[in-house]
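Descriptive analysis of the structure
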Amino acid sequence: MTKSKEQLDEEKAAILKQRVGPLTIDGLNAEQLIAKAREIHQKIYQLESDKYDLEQRHKRQQYDMMELAERARQMNKGDPILKERYSYSPRVYDRTSDRFVGSGTPSQVQLASKYERNLDRRSFMDKLKLFERS
C-alpha cells in the first residue's frame, strides 16, 4: 500500500498549507513590511535553532545506544561462571563478614574493574607482599 509520488506531493502541500498561513503583505507600508520581515526572520531563527537542538539530541542518543550495545556485547561474552560470580543479583551477593568466618586469610579480592579483560587472580597475601617490598 505504497503511495504514488503525486499523492505524497499532495499530502505535503496540504500539510504545508495547514501549518503555514497565507502571507498577506498587500496594503502594508514600509515600516509594516520591515516589521513583518523581522517577525518571519525570528520565526525562521527559532525553527532552525530547534532543528539544531533536535539533531544534537539525536546524535547523542545514537552515541548512547552504541555505547550500551557495546557494553551488552562485552557482558555477553566470556566465562559464564565469572559472570555469575561477579553479577549484582541478590542470590550471589554475600556479606564480607560471612566470607572471612573460619579462615585465616581473606579470599582473593578483585582489584580490577569488572569491565577490564584481565582479572587480578593473586591472593591477598601475594598482593600484600608486593607493597611490603617497596
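Because the structure is a prediction, the values reported are computed rather than measured.

Looking only at helices and strands, the protein chain has five helices and zero strands in total. Shown N-terminal to C-terminal, the secondary structure of the protein chain runs as helices and strands in the order α-α-α-α-α. Here the protein chain holds 134 residues, and 2% of them are scored as buried. Taking the intrachain contacts of the protein chain between residues at least 6 apart in sequence as the baseline, contacts between residues at least 24 apart amount to 22%.

It is possible for side chains of opposite charge to pair when their charged atoms get near one another. One pass over the structure, following the stated rule, counts four salt bridges. Taking the shortest distance from any N to any O, the salt bridge between Lys3 and Glu11 comes out at 2.5 Å. We classify Lys3 as partly exposed; its relative accessible area is 46%. Assessed through its relative accessible area of 35%, Glu11 is described here as partly exposed. A salt bridge links Asp64 to Arg60; its shortest N-O distance comes to 3.5 Å. Within this pair, Asp64 and its partner Arg60 are both found in helix H2 (residues 30-76), separated by four residues, close to a single helical turn. Assessed through its relative accessible area of 31%, Asp64 is described here as partly exposed.

As a further point, take a nonpolar patch on the surface. A contiguous nonpolar patch, built from Leu23, Ile25, Leu33, Ile40 and Ile44 and spanning about 420 Å² of accessible area, is present on the exposed surface. Within the element layout of this structure, Ile44 appears in helix H2.

When the pLDDT values of the protein chain are averaged, the result is 78; 66% of them are 70 or greater. Here helix H4 (residues 96-99) stands out as the element of the protein chain with the lowest mean pLDDT, 56, in contrast to H2, whose mean of 91 is the highest.

Conventions adopted
Residues numbered from 1 in each chain as written. Predicted model: local features only at pLDDT ≥ 70, side-chain atom pairs only at ≥ 80, totals over all residues. Heavy atoms only, no water. Helix = DSSP H or I, 4+ residues; strand = E, 2+ residues; numbered from the N terminus. Buried < 20%, exposed > 50% of the residue type's maximum accessible area, 1.4 Å probe, protein only. Contact = heavy atoms within 4.5 Å. Salt bridge = Lys/Arg side-chain N within 4 Å of Asp/Glu carboxyl O. Patch = residues over 30% accessible without salt bridge, like charges linked within 9 Å, V, L, I, M, F, W, Y side chains within 5 Å. Areas by Shrake-Rupley, 256 points an atom, 1.4 Å probe, with all protein chains shown as cover. pLDDT = per-residue confidence, 0-100.

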